[in-house]
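Each chain, letter by letter, is given below.
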Amino acid sequence: MFRFAFSHFLYLLLLIPVLIFFFVIVFRNKQKALALFGNLNLIQHLSQSVSSKRQIWKTVLLILAAGSLILAFSRPQLGTKLRTVKREGQDIMIALDVSLSMMAEDIKPNRLEKAKHEINSFIDKLEGDRIGLIAFSGKAFVQCPLTLDYGAAKMFLEVMDKELIPVPGTAMGEAIQKAVASFVEKERKHKVLILITDGEDHIGKPLEIAKAAAKEGVVIYTVGIGSVQGVPIPLYDERGNQKGFKKDRQGEVVMTKLDELTLEKIALETGGKYYRASPGEAELDRIYDDIFKMEKKALASKQYAQFEDRFQYLLGFAMFLLILELLIPERRKLKGEWRGRFQ
């Protein structure tokens, strides 16, 4: 298998016919050009030692060297063999709470940004696992389906914020259902859901839905983010300036606190574990270690051709032609030339 890594340089080969045409015109009109400098017979006599054949050969060497350099710059590569690469791992969905309570600042800069940073670091650790993202507030939807493209997953993660879902609430149950639907239905293993939320103001019956997910082979790890004491939810204007705190209908400041009990029960029902978010982000490291120990499945198998560069041969050939062109003199020795010098 043969290819050029920088094939756009090959367009420069179109200049070779132009160079050939140019030199042909030059050699054909050489006599006319010499006549412009004076007596043609005298000029021919003075330049009779110049070999036209050698000039032609030197020109041919220059053109061949130019062509070889262009091919070398195009970086020719030769495929030596096909290599099969298999990717094994788990299917992992991460459900992130983007409700307004996640804007609380009991964890700096706030709960949501802290969670996004942890997820970003978690994706960096993956090696062969498929990753997907679910955003949920009062509703839930798949933000990124299962993929091996970690860069794309990070792009989807970046745009997840409190404006993404205008419906208030924390629909953990619906988020679990969306995750279950995202996995391969026939399998009863290799399914992991990481639920990151403050667990507050949950809608529906997440425990019952978690039990149903467990029957489908889904293992749920829950990560509680926030404090159990309760903190107010700051509100900001369009310029990013704080304008106060969220209040209820009675005008009282709303306090948001972490509901650890529900998150612990969800994890327990599915054979997973519950962790509280920490400044050192050790919880996702522990989850990753657990996932790494699980039985893996083949997620992708591709064949790659290994290519080796061959430009150095063309580059060496071009250098050889240029050196050879320099060593060939244009003038030839005339008979009696040396005798005349010593008389």
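Everything below is about the structure shown above.
This structure is a prediction, so every number in the text was calculated from the model and none was measured.

Draft legend 1. Seen up close, the overall build of the protein chain. For the protein chain, the helix and strand inventory stands at twelve helices and 13 strands. Each of the 343 residues in the protein chain was classed as buried or not, and the buried ones make up 38%. The contacts in the protein chain between residues at least 6 apart in sequence include a share of 80% that link residues at least 24 apart. Of the roughly 20500 Å² of accessible surface on the protein chain, 59% is carried by carbon and sulfur atoms.

Draft legend 2. Broad picture of the pairing of strand β10 (residues 242-245). Note: strand β9 (residues 234-236) against β10, three bridges, orientation antiparallel. Paired with P234 across the two strands is F245, which belongs to β10. Between β9 and the antiparallel strand that follows it, β10, lie five residues; G240 among them carries a positive phi value of about 85°.

Draft legend 3. Expanded view of the packing of aromatic side chains. Counted according to the given criterion, the structure contains four aromatic pairs. Aromatic side chains F22 and F23 sit 5.4 Å apart centroid to centroid with 70° between the ring planes, which places their arrangement in the edge-to-face category. Ring pairing ties together the aromatic residues F122, Y288 and F292, which thus form one cluster.

Draft legend 4. Up close: the pairing of strand β4 (residues 130-136). Judged by how many residues are buried, β4 sits mostly within the fold: six of seven residues are covered. In this sheet, β4 lies alongside strand β3 (residues 91-97) in parallel orientation, the contact comprising seven bridges. Paired with D91 across the bridge in β4 is R130. Handedness of the crossover is the feature at issue here: the chain leaves β3, passes through helix α5 (residues 111-125), returns alongside β4, and the resulting connection is right-handed. Counted along the chain from β4 to the antiparallel partner strand β5 (residues 140-147), the turn is three residues long.

Draft legend 5. The arrangement of the pattern of salt bridges in detail. Taken as a whole and judged by the stated rule, the model has eleven salt bridges. Between D124 and K154 there is a salt bridge, with the nearest N and O atoms lying 2.2 Å from each other. Placement of D124 in helix α5 and of K154 in helix α6 (residues 150-158) is noted, with a sequence separation of 30 residues between them. Where K162 meets E163, a salt bridge forms, and the shortest distance between an N and an O atom there is 2.5 Å. Each member of the salt-bridge network shares a partner with another, and the members are D106, R111 and D198.

Draft legend 6. A nonpolar patch on the surface, seen in detail. Residues I56, W57, V60 and L64 make up a contiguous nonpolar surface patch of roughly 390 Å² in combined accessible area. Take V60: it is sitting in helix α4 (residues 52-73). Overall, the relative accessible area of 33% leaves V60 in the partly exposed class.

Procedures and definitions
- Residues numbered from 1 in each chain as written.
- Predicted model: local features only at pLDDT ≥ 70, side-chain atom pairs only at ≥ 80, totals over all residues.
- Heavy atoms only, no water.
- Helix = DSSP H or I, 4+ residues; strand = E, 2+ residues; numbered from the N terminus.
- Buried < 20%, exposed > 50% of the residue type's maximum accessible area, 1.4 Å probe, protein only.
- Contact = heavy atoms within 4.5 Å.
- Areas by Shrake-Rupley, 256 points an atom, 1.4 Å probe, with all protein chains shown as cover.
- Pairing = 2+ DSSP bridges.
- Phe/Tyr/Trp six-rings, centres within 6.5 Å; stacked < 30°, edge-to-face > 60°.
- Right-handed = clockwise from strand over helix to strand, strands pointing away.
- Salt bridge = Lys/Arg side-chain N within 4 Å of Asp/Glu carboxyl O.
- Patch = residues over 30% accessible without salt bridge, like charges linked within 9 Å, V, L, I, M, F, W, Y side chains within 5 Å.

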